[in-house]
Amino acid sequence: MKLARTLQLDISDENVFEKPAPSGEWAISGGFEFSNWTEADLKGKARQAFTNGWYSIESGGRASFVGVCNITEPELEQVRRTLAQTFVDHYGAPSIDAAYPVACAEIDQMRNMCEDFEDNTLLMVSRTLTELGVEETYRSRGPQDASLEAFAVHGSVD
């Protein structure tokens, strides 16, 4: 099974997003956050999050890039529960029982997209606001010589 993790390839996310996501967090499109937005909401850093930001499930931050990688069943279940709890805590879902299937659907959409790509493929999202709502398009960049772990896993040399 595959999903995507946030990547910070440089410091630009720190400058353009109100809440930048650290590298290595599980990510989904996160377009749900903008479902009730209008042109008046698209200002400053909020506009950048809308236009190009992937949603980090762990921190709720945004990232310009995500990388496709494998996810285990226990990790997937934890991500589902985390997102469901976020829907209750921050987006008005009445209960975990009500939020869980919606969280699963959001994650499954991303998983299905990731299954079409090789590990370490970079993905970018682009959103526009239309009369019918939010329209998302996706771009990809195939893996290069460096693996995703070179960007997503951080440790100490000590």
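The shown structure was predicted, so the numbers you read here are calculated from the model rather than taken from an experiment.

Visitor: Would you mind going over the pattern of salt bridges with me for this structure?
Guide: Pairs can form between side chains of opposite charge once their charged atoms are near each other. Applying the stated rule across the entire model yields eight salt bridges. Across the pair Glu73 and Arg80 runs a salt bridge, and its minimum N-O distance is 3.5 Å. Under the relative-accessibility criterion, Glu73 is labelled partly exposed at 42%. If you follow the salt bridges from partner to partner, you end up with Glu73, Glu77, Arg80 and Arg81 in one network.

Visitor: Would you explain the sheet that holds strand β3 (residues 54–56) in this entry?
Guide: The strands making up a sheet associate through backbone hydrogen bonding, with each pair oriented either parallel or antiparallel. Spatially, seven strands are ordered β4-β3-β2-β1-β5-β6-β7 in an open sheet, and the strand pairing comes out antiparallel. With one partner strand each, in any of the chains shown, β4 (62–63) and β7 (133–141) form the two edges of the open sheet. As defined by bridge partners, strand β6 (residues 122–130) adjoins β7 across nine bridges and the pair is classed as antiparallel. Opposite Arg127, over in β7, you have Glu136 as the bridge partner. On the sheet, helix α2 (residues 44–52) packs against β3, β4, β6 and β7 and is oriented at approximately 115 degrees with respect to β6. Most of the contacts of helix α4 (residues 96–114) go to strand β1 (residues 2–7), to which it runs at about 95 degrees, and overall it touches β1, β2 (26–28), β3, β5 (65–70), β6 and β7.

Visitor: I'm lost on the confidence of the model for the protein in this one. Help?
Guide: Caution applies to low-pLDDT parts of the model: their predicted coordinates are not meant to be read in detail. On average, the protein scores 91 in pLDDT, and the residues at 70 or more come to 91%. Every residue in residues 153–158 scores below 50 in pLDDT, and together they form one contact with partners more than four places removed in sequence or on other chains.

Rules and cut-offs
- Residues numbered from 1 in each chain as written.
- Predicted model: local features only at pLDDT ≥ 70, side-chain atom pairs only at ≥ 80, totals over all residues.
- Heavy atoms only, no water.
- Salt bridge = Lys/Arg side-chain N within 4 Å of Asp/Glu carboxyl O.
- Buried < 20%, exposed > 50% of the residue type's maximum accessible area, 1.4 Å probe, protein only.
- Pairing = 2+ DSSP bridges.
- Helix = DSSP H or I, 4+ residues; strand = E, 2+ residues; numbered from the N terminus.
- Contact = heavy atoms within 4.5 Å.
- Axes fitted to C-alpha atoms, helices over the stretch in contact; angles between N-to-C directions.
- pLDDT = per-residue confidence, 0-100.

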